[in-house]
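What the coordinates show
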Amino acid sequence: MLNFFIQDGADAVEQLEPEVTEKTLSIIDLIINGGTGGMIIIGTLAVLLFVALYVYFERLFAIKAASKYDANFMNQIRDNVSGGNLQGAKVLCAQQNSPVSRLTEKGISRIGSPLEDINTAIENAGRLEVYKLEKNVSVLATIAGAAPMIGFLGTVIGMVLAFHTLATSSGQAEMGLLAEGIYTAMTTTVAGLIVGIIAYIGYNHLVVKTDKIVHQMEATAVDFLDLLNEPA
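Residues numbered from 1 in each chain as written. Predicted model: local features only at pLDDT ≥ 70, side-chain atom pairs only at ≥ 80, totals over all residues. Heavy atoms only, no water.

Digging into the pattern of salt bridges
Scanning all chains against the criterion turns up two salt bridges. Across the salt bridge formed by Arg 59 and Glu 58, the nearest N and O atoms sit 2.9 Å from each other. Given a relative accessible area of 29%, Glu 58 falls into the partly exposed group. Notably, a salt bridge pairs Glu 129 with Arg 102, separated by 2.8 Å at the nearest N-O pair. Here the residue Glu 129 occupies a position in helix α7 (residues 115-133), and Arg 102 occupies one in helix α6 (residues 99-109), the gap between them amounting to 27 residues. Glu 129 gets classed as buried once you look at its relative accessible area, which sits at 5%. (Salt bridge = Lys/Arg side-chain N within 4 Å of Asp/Glu carboxyl O. Buried < 20%, exposed > 50% of the residue type's maximum accessible area, 1.4 Å probe, protein only. Helix = DSSP H or I, 4+ residues; strand = E, 2+ residues; numbered from the N terminus.)

Written out as structure tokens, the structure is:
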């Protein structure tokens, strides 16, 4: 009889205990629950991420193609120029079709002019080539700085709305609902930081790649001017 009452009491306690359910976070749920403002912010960040990835890969392939360089190129140019075959040197530059070859071709086309004029022409051509290499790279720098601020803006808006709800409810707002609104608002900052970090890393990687080509162009320009200064 005693065991019956003990078992019956244990069953009653189990029935009174609330069932604890584990709440999981879903990115889709966070975006949807963020309201219209949060969805607009996340959508803007998604567009910025797409633009950043497009610019990065487009510039990466362009810079990779421009970095192709034949180590024997300047030796062939030297042989043609020394032999007076300027047309052959120009054809060789056209076949290479790289910033270095276009820079060299500009110098070859000025042979016969004073060295100062040739140097100026090469420098102007070099600036144009650098401009082509850096095309749209500044977009990545802009996204790297703007994306975290846009994400933080979404968080601030979400926090303002959450505390406005608390104020209008005379402090009677459910804490669980308030906390949910706050961590939903924080997702925009996380998204902004992710987009900003990706754009920042991509920007610096492209800058390093571009600098290598610029140094290669400078070395070629020096070699070409040294070639013209060689005694006949």
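Things to note about a nonpolar patch on the surface
On the surface, Leu 53, Phe 57, Phe 61, Val 190, Ile 194 and Ile 198 cluster together into a nonpolar patch covering about 540 Å² of accessible area. Of all elements in the fold, only α3 (35-66) and α9 (175-229) reach the threshold of two or more residues within the nonpolar patch. Tracing the backbone shows Ile 194 in helix α9. You can call Ile 194 partly exposed: its relative accessible area is 47%. (Patch = residues over 30% accessible without salt bridge, like charges linked within 9 Å, V, L, I, M, F, W, Y side chains within 5 Å. Areas by Shrake-Rupley, 256 points an atom, 1.4 Å probe, with all protein chains shown as cover.)

Focus on the confidence of the model for the chain
Summing up the model confidence of the chain, the mean pLDDT is 78 and the portion of residues at 70 or higher is 75%. By mean pLDDT, helix α1 (residues 2-16) is the weakest element of the chain at 49, and α3 is the strongest at 86. (pLDDT = per-residue confidence, 0-100.)

Let's talk about the packing of aromatic side chains
Summed over the entire model, instances satisfying the criterion amount to two aromatic pairs. Ring geometry for Tyr 56 versus Phe 57: centroids 5.1 Å apart, planes at 75°, classification edge-to-face. Judged by its relative accessible area of 18%, Tyr 56 is buried. Ring geometry for Phe 57 and Phe 61: centres 6.5 Å apart, planes at 35°, overall tilted. With Phe 57 and Phe 61 both in helix α3, this residue pair falls four residues apart, about one helical turn. Relative accessible area serves as the criterion here: at 40%, Phe 57 is assigned to the partly exposed category. Of the residues examined, Phe 61 reaches a relative accessible area of 55% and is grouped as exposed. (Phe/Tyr/Trp six-rings, centres within 6.5 Å; stacked < 30°, edge-to-face > 60°.)

A word on the packing of helix α4 (residues 73-82) against helix α5 (residues 86-96)
As a packed pair, α4 and α5 sit with axes 7 Å apart at the nearest point and diverge in direction by 160°. It follows from the interaxial angle that α4 and α5 lie roughly antiparallel. Note on packing geometry: the crossing formed by α4 with α5 is left-handed. Along the contact surface, α4 presents Phe 73, Gln 76, Ile 77, Asn 80 and Val 81, while α5 presents Leu 86, Gly 88, Ala 89, Leu 92, Cys 93 and Gln 96. Class assignment for the residues of the contact of α4 with α5 results in seven nonpolar, four polar and no charged. (Axes fitted to C-alpha atoms, helices over the stretch in contact; angles between N-to-C directions. Parallel < 35°, antiparallel > 145°, perpendicular 65-115°, else oblique. Left-handed = near helix turned anticlockwise from the far one by under 90°. Contact = heavy atoms within 4.5 Å. Nonpolar A, V, L, I, M, F, W, Y, C, P; charged D, E, K, R; others polar.)

As for the nonpolar core
Formed by 37 residues in total, the largest nonpolar core has its most connected members in Phe 73, Ile 77, Ile 122, Leu 140, Ile 143, Leu 206 and Phe 224. Looking at this core, the elements that each hand over two or more residues are α3, α4, α5, α6, α7, α8 (137-168) and α9. If near-sequence neighbours (up to four positions away) are discounted, Ile 122 is found in contact with Leu 103, Lys 106, Gly 107, Ala 221, Phe 224 and Leu 225. (Core = buried A, V, L, I, M, F, W, Y, C linked by side-chain atoms within 4.5 Å.)

Topic: the side chain of Thr 189
With respect to the element layout, Thr 189 can be found in helix α9. With a relative accessible area of 16%, Thr 189 lands in the buried category.

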